[in-house]
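Listed here are the chains, written in short residue letters.
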Amino acid sequence: MSSPVQQRSSGVQLVSAALLLLLLSLSGCSSMDVLVPNSINALNGTTVKIPCTFNSCYKMDPAKFVMNWTYQESLNDTEEMFMIYHKKKGMIALRSDRFGERVMFGGNLDKNDLSITLSDVQIEDEGIYNCYVINPPDRIHGRGAITLNVVTELPPPRDSTIAVAIGASVGGALALLILSMVVLKCLRRHRKQELISEEKMEEEGKLDAEGVAEEGTKHVHPLPEDL
């Protein structure tokens, strides 16, 4: 028969285990999330990084991990695989007539970073880039889709000189207005205090005068009547 101390210890262990299971369920550790931007812009002729990372409750097992990149011109087109993960060789760029040798792995597997870089970006590179991830024992296959937009020129930089000048002028005017209001308020308060002091002094003067008159009345003796 177990003692009360052992029973309390067992109860604490059961509660701790239940709380741990609850925290694991709330933390969303039952599946894997692939994190990618919805779209990115690249300047024609430059090199662009197409990012893809994933979160998993399980550490990546190189022997079981599966990952690949595909490209499609639109959602209705067939996907073309151009990069895969090999359990012994790591990330491998597949032979592709579209990309040639312009695609390279630019991530870090130790940090769950599966990003790639595309050099000498062309207008024809526009489309959807899909990042597929399988990280057993996670059963859900993760997927992230990024739309690449290629532009021929970047928008001209905005001239902030005028904006800065306007901002400085408005800020200076507001500061001057606030300062003026503070000074005016102080002057009004000072004037009010002076008026109160003057009224108080006048009131004290009246009281003093009345007191002197009353005191004088007390010391005046009536004149004797004429005989």
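**Section: the nonpolar core**
Okay, so step 1: Of all hydrophobic cores here, the largest spans 30 residues; its most connected members are Met67, Trp69, Phe82, Leu114, Tyr129 and Val133.
Okay, so step 2: Those elements that provide at least two residues to this core are strand E2 (39–43), strand E3 (48–50), strand E5 (66–72), strand E6 (80–86), strand E9 (116–118), strand E10 (127–134) and strand E11 (142–151).

**A short note on the sheet that holds E10**
In sheet architecture, strand pairing relies on hydrogen bonds along the backbone and comes in two forms, parallel and antiparallel.
Okay, so step 1: The six strands lie next to each other as E2-E11-E10-E5-E6-E7, forming an open sheet whose pairing is mixed. Only two strands of the sheet have a single neighbouring strand rather than two, namely E2 and strand E7 (90–93). Between one strand axis and the next, the sheet turns through 20° on average, direction left out of account.
Okay, so step 2: For E5 and E6, the ladder comprises four bridges, and the chain directions are antiparallel. Bridge pairing in E6 places tyrosine 71 opposite glutamate 80.

**Examining the pairing of E6**
Okay, so step 1: With four bridges connecting them, E6 and E7 associate as antiparallel partners. Looking at E7, one finds that histidine 86 is bridged to glycine 90.
Okay, so step 2: In sequence, E6 turns back onto E7 through a hairpin of three residues.

**Quick notes on the state of the cysteines**
Okay, so step 1: Tallying each qualifying case throughout the model produces one disulfide.
Okay, so step 2: Each disulfide pairs two cysteine sulfurs, and for cysteine 52 the partner residue is cysteine 131, the sulfurs being separated by 2.1 Å. Here cysteine 52 and cysteine 131 share a disulfide; its torsion about the S-S bond, -75°, makes the bridge left-handed. In this pair, cysteine 52 sits in the loop between E3 and strand E4 (53–55) while cysteine 131 sits in strand E10, placing the two residues 79 residues apart along the sequence. Residue cysteine 52 shares its accessibility class with cysteine 131, and that shared class is buried.

**A short note on unusual backbone geometry**
Okay, so step 1: Of note, the amide linkage connecting proline 136 to proline 137 takes the cis form, showing an omega dihedral of 10°.
Okay, so step 2: Structurally, proline 137 is set in the loop between E10 and E11.
Okay, so step 3: Of note, asparagine 112 is a non-glycine position whose phi angle comes to about 60°, a positive value.
Okay, so step 4: Mapping asparagine 112 onto the fold places it in the loop between strand E8 (103–105) and E9.
Okay, so step 5: Its relative accessible area of 21% is what places asparagine 112 among the partly exposed residues.
Okay, so step 6: With phi around 45°, aspartate 120 is a residue other than glycine that occupies positive phi space.
Okay, so step 7: Inspection of the secondary structure puts aspartate 120 in the loop between E9 and E10.

**Quick notes on the environment of valine 48**
Okay, so step 1: Position of valine 48 relative to the elements: it lies in strand E3.
Okay, so step 2: Along the chain, valine 48 and leucine 118 lie 70 residues apart, while their C-alpha atoms are 5.4 Å from each other.
Okay, so step 3: What valine 48 contacts, discounting residues up to four positions off in sequence, is Ile40, Ala42, Ile116, Thr117, Leu118 and Val121.

**Quick word on the pattern of salt bridges**
Okay, so step 1: In this structure the tally under the stated criterion is three salt bridges.
Okay, so step 2: Arginine 98 serves as the salt-bridge partner of glutamate 73, at 3.1 Å between the closest nitrogen and oxygen. With glutamate 73 in the loop between E5 and E6 and arginine 98 in the loop between E7 and E8, this residue pair connects regions lying 25 residues apart in the sequence.
Okay, so step 3: The class of arginine 98 is partly exposed, set by a relative accessible area of 27%.
Okay, so step 4: Of the charged contacts, one joins aspartate 125 and arginine 102 as a salt bridge, the two residues approaching to 2.9 Å between their closest N and O atoms. With aspartate 125 in the loop between E9 and E10 and arginine 102 in the loop between E7 and E8, the pair connects residues that are 23 residues apart, well separated along the chain.
Okay, so step 5: Connected via shared salt-bridge partners are Glu73, Glu80 and Arg98.

Thresholds applied
- Residues numbered from 1 in each chain as written.
- Predicted model: local features only at pLDDT ≥ 70, side-chain atom pairs only at ≥ 80, totals over all residues.
- Heavy atoms only, no water.
- Core = buried A, V, L, I, M, F, W, Y, C linked by side-chain atoms within 4.5 Å.
- Buried < 20%, exposed > 50% of the residue type's maximum accessible area, 1.4 Å probe, protein only.
- Helix = DSSP H or I, 4+ residues; strand = E, 2+ residues; numbered from the N terminus.
- Pairing = 2+ DSSP bridges.
- Axes fitted to C-alpha atoms, helices over the stretch in contact; angles between N-to-C directions.
- Disulfide = S-S within 2.5 Å.
- Contact = heavy atoms within 4.5 Å.
- Salt bridge = Lys/Arg side-chain N within 4 Å of Asp/Glu carboxyl O.

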